[in-house]
Amino acid sequence: MASRALVIGVGTYGDESGIQGYPTIEASARAYGTALARDPRWGTADRSPVLERDEVQTADDVMRALHEAAAAGEGPEDTLLVVYVGHGAYWQDVPGGQVHFAVGSSRSSEPWTWLSAWYVYRAIRKSKAGLKVLIADCCYSSMLPHLGPESALPGALGTRYNGTCVLTAVGGSVHNAWAGACQNLPHPLDTCTPFSGHLLNVLGQGMPEHPEDLTLGALRAGIDEGMQECGVHHAPRMLLNDASEAAPLFTNHAKGRRPRTRALGTVDEWVRELLLNGERNLPDLMRRPDLAGRVVVRLRAGDEQSRDLALRVDRKAGELLAEPADFVSYWGEVEPAMLGGG
């Protein structure tokens, strides 16, 4: 394995930049470095994955480091993880109208001094790693597109698109990510940005009812649940292409993990299972076609990630429900919701 992580935290700007700096940003970047160092999946790197302040001054600085990290991925067992914590901006009158990431020399009203997401996406997609993950903790991260071939950012010809994921601090129509610390988190995570602090809290505490690894779906669910408990934060967003919610990203540090002891039997239980682990246990669900239909209806009524998952489950249903009577039972639950616009 040649997995590689890169953490970009930009919280300090020039006096004339017009951009407010936040100590929470650089604290978050350092905390990511600490979490990666203690994780057996990531802790064997020769150097810290966190770029220093003098390494994030210009777009060229960041892109050189990103290209080096992306080149380390060699095959389907490898993972490329890129974390950006800082300011994000979006200008509709810039060609393509894409999200831009601040670097140390950026100036508030001069988009050419920022780093376009187009270049970041292009570098990530050129990696040969089987799983490529971008975590974006910044404003306007909700407007980042998929990393894969249907993305508005087409990338380079010959790019391997499989296994991409974008996890963002905000979702839906919310564009502004909080930069002030969340005091509900344990120290030292109460010095981080809320999204990164809650993500790192999931890594630190683990998830007792999840297996040995924290999957993409489990990570997103853990962050979402933690931020909802606080009651003041926006929900994160996760976009998958050929990657699955079941793809492992971090080690589960929870003590006394408790394996599931009973079969799943309700719509709520199966919705959570699918959001945590994707289609891994879908054949079990399809043994109850009517329940599977109700689960798809519930997913269709959810957020962007849930709707994407509903489409994938629906496509698989045609393959897994070989008996016509079973498909009729499934479709009898799904069709009314489709006709009613649900």
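Residues numbered from 1 in each chain as written. Predicted model: local features only at pLDDT ≥ 70, side-chain atom pairs only at ≥ 80, totals over all residues. Heavy atoms only, no water.

(A) Main features of the nonpolar core. Leu81, Ile135, Leu199, Leu216, Leu219, Leu249 and Phe250 are the most contacted members of the largest nonpolar core, which has 47 residues in total. Among the elements that make up this core, the one with the highest residue count is helix α5 (residues 216–230) (seven residues). When neighbours within four sequence positions are excluded, leucine 199 is seen to be in contact with Tyr32, Ile135, Leu167, Leu219 and Ile223. (Core = buried A, V, L, I, M, F, W, Y, C linked by side-chain atoms within 4.5 Å. Buried < 20%, exposed > 50% of the residue type's maximum accessible area, 1.4 Å probe, protein only. Helix = DSSP H or I, 4+ residues; strand = E, 2+ residues; numbered from the N terminus. Contact = heavy atoms within 4.5 Å.)

(B) Region of the structure containing helix α4 (residues 194–205). The first and last C-alpha atoms of α4 sit 16 Å apart over 12 residues, in line with the 16 Å expected at 1.5 Å per residue. Burial of α4 is extensive: 10 of the 12 residues sit out of reach of the surface. Of all the positions in α4, only Pro194, Phe195, Ser196, Gly197, His198, Leu199, Leu200, Asn201, Val202 and Leu203 are classed as buried. Directly beyond the C-terminal end of α4, a positive phi value near 75 degrees is found at glycine 206. (Expected span 1.5 Å × (residues − 1).)

(C) Molecular detail of the pairing of strand β2 (residues 79–85). The buried fraction of β2 amounts to seven of the seven residues, a majority that puts the element mostly inside the structure. Here β2 shows a buried face lined by Thr79, Leu81, Val83 and Val85 and a second buried face lined by Leu80, Val82 and Tyr84. The pairing of strand β1 (residues 4–9) with β2 spans six bridges and is parallel. Across the sheet, the residue bridging to isoleucine 8 is tyrosine 84, located in β2. Summarising the sheet, β2 and strand β6 (residues 131–137) pair through seven bridges and their orientation is parallel. If you follow leucine 80 over to β6, its bridge partner there is lysine 132. (Pairing = 2+ DSSP bridges.)

(D) Fine view of helix α3 (residues 117–125). Where α3 is concerned, the buried positions are Ala117, Val120, Tyr121, Ala123, Ile124 and Arg125. Looking at the buried residues of α3, the elements they touch are α2 (59–71), β2, β4 (99–101), β5 (115–116), β6 and β7 (164–168).

(E) Here's a closer look at the packing of α2 against α3. Taken N-terminus to C-terminus, the directions of α2 and α3 make an angle of 20 degrees; their axes are 8 Å apart at the nearest point. Viewed along their axes, α2 and α3 adopt a mutual orientation that is roughly parallel. The handedness of the crossing between α2 and α3 comes out as right-handed. Packed against α2, whose contacting residues are Met63, Leu66, His67 and Ala70, the element α3 presents Tyr119, Val120, Ala123 and Ile124 at the interface. (Axes fitted to C-alpha atoms, helices over the stretch in contact; angles between N-to-C directions. Parallel < 35°, antiparallel > 145°, perpendicular 65-115°, else oblique. Left-handed = near helix turned anticlockwise from the far one by under 90°.)

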